[in-house]
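Observations on the three-dimensional arrangement
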Amino acid sequence: MVALILLFAGFAAVVAGLALFLHRRRSGRTENLDGLLAEQERLAQLRALRSSYSSIAMHSTHGLTTDDLGRYHH
């Protein structure tokens, strides 16, 4: 019984360690110029999408067109 509890505690420790590792890795700053440029490009795309598809914009248009789908979904 004690061995089973220790086994599950070990699994929990491994899962918690992996979660912490992945969280720190994902929230860390970009280390090279290519990564920074990719982040800036993606943020610019997100800003354009937010302004293009805001609530006001969607209520005054017909919605997505096939041209828009090709432009934003690579």
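Scroll up to find the structure.
So, here's what we can say about the structure. (Residues numbered from 1 in each chain as written. Predicted model: local features only at pLDDT ≥ 70, side-chain atom pairs only at ≥ 80, totals over all residues. Heavy atoms only, no water.)

**A word on the overall build of the protein**
In terms of helices and strands, the protein carries four helices and zero strands. Put simply, the protein runs from its N terminus to its C terminus through helices and strands in the order α-α-α-α. Across the 74 residues of the protein, 3% fall into the buried class. For the protein, the computed accessible surface area is about 6900 Å², with 64% contributed by carbon and sulfur atoms. (Helix = DSSP H or I, 4+ residues; strand = E, 2+ residues; numbered from the N terminus. Buried < 20%, exposed > 50% of the residue type's maximum accessible area, 1.4 Å probe, protein only. Areas by Shrake-Rupley, 256 points an atom, 1.4 Å probe, with all protein chains shown as cover.)

**Section: a nonpolar patch on the surface**
A cluster of nonpolar side chains, contributed by Met 1, Leu 4, Ile 5, Leu 7, Phe 8 and Phe 11, occupies part of the molecular surface with about 680 Å² of accessible area. Tracing the backbone through its elements, the reader meets Phe 8 in helix α1 (residues 2–27). Here Phe 8 falls in the exposed class, since its relative accessible area comes to 52%. (Patch = residues over 30% accessible without salt bridge, like charges linked within 9 Å, V, L, I, M, F, W, Y side chains within 5 Å. Salt bridge = Lys/Arg side-chain N within 4 Å of Asp/Glu carboxyl O.)

These results come straight from atomic positions and should not be treated as a statement about function.
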